[in-house]
Each structure stands twice: as structure tokens, then as C-alpha cells.
Amino acid sequence: MKRLFWRCFTGAYLIQAMLAVGFLFPIILAARGYSIGAIGWSMSALNLAAILSRPIGGWATERWGFSGALLLAGVLSVVSTGFIWAVPGLPGMISFRVGLGMVGGISMVAISTFQGLVIPESQRGPLFAILGIAYVLPQITVVPLGEWLLNRDLGIAYLLLPAILTVTATLAGRGLPSPESLRQDQDRDDWGGWGDCIKTSGIWAMILTLASFSILNSTTLQFLSLPVREKGLPASLFYTVNAVTCIVLRVFGGQFIKNIPRYLLGCVSIMIMAVALTGALEANTSLTLTLSAVGYGCGMGFGFPVMLALIPDVFPPRLMPKGSSIGMLSMDLGFALSPLIIGALSVYLGTPGAMRAIAWGQLVIAPTALILWKISIKKSKSPVI
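In this structure, what is going on with the overall build of the protein chain? I would like to understand it.
Counting its secondary structure elements, the protein chain contains 16 helices and 0 strands. Computed over the C-alpha atoms, the radius of gyration of the protein chain is 20 Å, within 12% of the 21 Å expected from 2.2 N^0.38 for a compact globule of 385 residues. Buried positions account for 58% of the 385 residues belonging to the protein chain. Taking as baseline every contact in the protein chain between residues at least 6 positions apart, the subset at least 24 positions apart corresponds to 85%. Surface exposure of the protein chain reaches about 15000 Å², of which carbon and sulfur atoms provide 69%. Of the side-chain charges in the protein chain, 25 are positive and 14 negative, and the distance between the mean point of each set is 4 Å.

Right under this line is the structure:
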């Protein structure tokens, strides 16, 4: 199991690194003169495509296994990058983002299913905390690299990074065991139906929690670079400090939260992140931006591993490919909606005001999700969720 766990870690890091490169994509579009509305649609295109491709990811994982799904993602990443030069202007950029959205949608369903089947329920707390490092590590590796390339007018090299990372993930995923071989239940050929997933206790609480987390995280990661750089502050400072805080908490903080119910910790983490984002938007110095990043990292450090663990908490192994599709789709929903909301509200509130409105909204949505969890637990009498 140890070897498979670290293969989970590697795959998650490489695909998240591919997605993290896109955090700086508004910078390259703004430099080419596109409006915030056009930038919003371009950023949203990736996430809308990811939503549509999640079922494809579940289908590919069930039929071709983890290695086959990652191979499909690798091929799509190369084709998507070609759209930048094959289709000139903004349509080419949006096509590029759509293709990468499909890459992320397919590959993350495969990886999430792999994680859910490899990591036993009794070890989800500490192991998902360690696995969460893979999801935040790109912020202190490829994001600074991407900004370094952009600051030196190496835009082409920056745009090639997603394909390089995805193809590397494809190669790293060769020879993974089949999904059926990792199941411990009896009928290993039965993967259930979508109706079974909808009837599963806790699904709606999970969807709302994951969507709330993702809409807030998407707003922060995809758009904070714009107001921060307008104040003359380095955008990578927030991402780097946030990532380091997350890593420290995930390595050393597991013992402090192991007895806290995961659904409760997830909702509280969302509220902490919302307050920290508000602080980051008010920051005028590197010190205040750093303190806000530490606060955001405290929420995300515990919150993101919890979001990953909630999916196998809710769905049994038989439903994991489809359940992972639903869970990842829920997170995509936030990433798809936030650019559209930012684009619409920025006309009236400005970009910082629109981001602040999204942050405050999660202070209502997260407690609502907590109520749904309580109702689901009371009905199911499940000690896990």
C-alpha cells in the first residue's frame, strides 16, 4: 500500500501542477489587452469543460483503468496546446483552456478514484493530510516558475508547461493496478449506477461543502494575482506562504484534528479561508499580505484534505468512480461559477469588491452545509460522516 500511496501522491502533484500554472493565466491575457469579462470567460472555460468531462473520466477509469485514463489526458493536453497556434486570438486561448479542462476533469477522476480505493477508511485522516501536500506543493514550485517565465517575456515556455506536466503524469501512471483489483467487496465487476449515487446518504451535504470550498478557492487562486499586482506586491508571495503553511499543518497538525469530525472541520475551514481572503484584499504591504496568506493556509491546510476524504466517506467502493465524478464535479462547479461571478460583479463593484462578495457569501453557505450534514448523519446513523 505504501508504494501505491506515493504513486497517488505523484499523480496528484503533477495534475495539480498542470492546473496551478493556470492561476497566472489572467496575467498573460491582461498583457494582451483582453477585458476582465473576456478573462473571466476564458478562466471559466476550463472549469466548465472539466464539469462536462467528469463522467468521461469515470467511464474511462471503469473501462481502461487508471493508466488508460491518464493516457487519454496526456494526448488531450498536447492537442489542446496546439490550439494556441492553430486558432489565433482569444478563440485559440479559450480552446486551449477548454482542452485543459477536459484533461483535468478526466485525470482527477482517475486519481481521486485511485486514492479512495487505495487508502483505507481507518487511515484517511493522516494519509489524506499528507496527500494534501501534493495538491498545494505546485504553489511553491510551478507558480513561482510560471511568474518567473512571464516576468522574462517567456510566454511560450509558460504555455507549454501544462502539456509537459500532463505527459509526465501519463508516464508516471504506467503500470498502475486495475480498479477491480483494489476493491475488497464481493462483486468487483459491479460499479453501480448514477441512481445509486443520488440515493447515497450525505451526497447533498457533500456537494454543497465541496462547491462552497471550490468557489472560494477558485476566486482566490485565479484572481487574487490581479489586485495584488496592481498594488505593486508579488502575486507569488501569497501563493508561496499559503502553500508553506498548508504543508506545515498537513505534516505536523494531523494529531490536533484527528478527533474532529471531517464534515465539521471542512465547514469551519471554509469560513476561516473567507475571512483570510477578505484580509488579503485589504493588504497594502508584504507583511499584511503574508499574514493573510498564513490565515488562508490555516483554513486550506486542513480543509482541502478533508474535501478529498469526504468523497470516500460518503460513497462505498462500488460507487467510487461515479462518486468521484460527482465529488470532482462539485468542486469544478465552484471553479466554473466564480470567474463568471467575478466578471459580472466587477462591472459594479470592481474586481476586489466582487471577490469580497464571494468570500462573504461562503460565511452563509458553509453553515448551511453543516446543517445538511447533521440531517444526513441523523438519518443514516453513520459514524463516518
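We are not done yet, so read on.
Would you mind showing me how to read the packing of helix α6 (residues 142-151) against helix α12 (residues 235-252) here?
Packed helices, taken two at a time, are described by the angle between their axes plus the distance between the axes. Running from amino to carboxyl end, α6 crosses α12 at an angle of 170 degrees, the nearest separation of the two axes being 9 Å. Classified by the angle between their axes, α6 and α12 sit roughly antiparallel to one another. Between α6 and α12, the residues in contact are V143, P144 and E147 and A235, S236, Y239 and T240, respectively. When the residues that make up the contact of α6 with α12 are grouped by side-chain class, the tally is 4 nonpolar, 2 polar and 1 charged.

Any chance you could explain the packing of aromatic side chains here in plain terms?
How two aromatic rings sit relative to each other is set out by the distance from centre to centre and by the angle between their planes. All told, the structure shown has 9 aromatic pairs when counted by the stated rule. Among the aromatic residues, those joined into a ring-pair cluster are F23, F238, Y239 and Y296.

It is not clear to me how helix α3 (residues 36-86) should be interpreted in this structure. Could you clarify?
Because each turn of an α-helix spans 3.6 residues, side chains separated by three or four positions end up pointing in the same direction. Across its 51 residues, α3 extends only 24 Å between first and last C-alpha, which sits more than 12% below the 75 Å expected from 1.5 Å per residue. Along α3, the helix axis deviates most sharply at W64, where the bend reaches about 125 degrees.

What is the right way to look at the environment of G350 in this model?
You can see G350 is positioned in helix α16 (residues 320-380). As for G350 and I36, which are separated by 314 residues in sequence, their C-alpha atoms are 9.9 Å apart.

Just checking my understanding: could you explain the side chain of S214 for this structure?
Note that S214 resides in helix α10 (residues 203-223). From its side chain, S214 meets the backbone oxygen of A211 in a polar contact 3.0 Å long. Once residues lying within four places of it in the same chain are set aside, the contact partners of S214 are S330, M331, G334 and F335.

I keep staring at the environment of M108 and nothing clicks. Help me out?
When you line up the elements, M108 lands in helix α4 (residues 89-118). On the basis of relative accessible area, M108 is assigned to the buried category, the value being 3%. Along the sequence, M108 and L70 sit 38 residues apart, while their C-alpha atoms lie 9.0 Å from each other. Beyond its immediate chain neighbours, meaning those up to four positions away, M108 contacts I15, Q16, R54, Y135 and M328.

Looking at this structure, how should I read the packing of helix α1 (residues 2-21) against helix α7 (residues 155-172)?
Relative to each other, α1 and α7 sit at 165 degrees, their axes nearing to 8 Å. In terms of orientation, α1 lies roughly antiparallel with respect to α7. Relative to α7, α1 is oriented so that their crossing is left-handed. Between α1, through R7, T10, L14, I15, A17, M18 and V21, and α7, the contact on the second element is made entirely by Y158, L161, P162, L165, T166, T168, A169 and A172. Looking at the contact of α1 with α7 residue by residue, the class counts come to 11 nonpolar, 3 polar and 1 charged.

Honestly, the nonpolar core in this entry has me stumped. Any pointers?
Generally speaking, nonpolar side chains in soluble globular proteins are found buried as a group. One finds F25, Y135, Y158, M206 and F315 to be the most contacted residues of the largest nonpolar core, which totals 119 residues. Setting aside its immediate chain neighbours within four residues, F315 contacts C197, T200, I203, M206, M320, G323 and I326.

Criteria and cut-off values
- Residues numbered from 1 in each chain as written.
- Predicted model: local features only at pLDDT ≥ 70, side-chain atom pairs only at ≥ 80, totals over all residues.
- Heavy atoms only, no water.
- Helix = DSSP H or I, 4+ residues; strand = E, 2+ residues; numbered from the N terminus.
- Rg over C-alpha atoms; globule rule 2.2 N^0.38 Å.
- Buried < 20%, exposed > 50% of the residue type's maximum accessible area, 1.4 Å probe, protein only.
- Contact = heavy atoms within 4.5 Å.
- Areas by Shrake-Rupley, 256 points an atom, 1.4 Å probe, with all protein chains shown as cover.
- Lys, Arg positive; Asp, Glu negative; His and termini not counted.
- Charge placed at Lys NZ, Arg CZ, Asp CG, Glu CD.
- Axes fitted to C-alpha atoms, helices over the stretch in contact; angles between N-to-C directions.
- Parallel < 35°, antiparallel > 145°, perpendicular 65-115°, else oblique.
- Nonpolar A, V, L, I, M, F, W, Y, C, P; charged D, E, K, R; others polar.
- Phe/Tyr/Trp six-rings, centres within 6.5 Å; stacked < 30°, edge-to-face > 60°.
- Expected span 1.5 Å × (residues − 1).
- Bend = angle between axes of the 7 residues up to and from the residue.
- Polar contact = N/O pair within 3.5 Å; in protein donor to acceptor, adjacent residues only side chain to side chain.
- Left-handed = near helix turned anticlockwise from the far one by under 90°.
- Core = buried A, V, L, I, M, F, W, Y, C linked by side-chain atoms within 4.5 Å.

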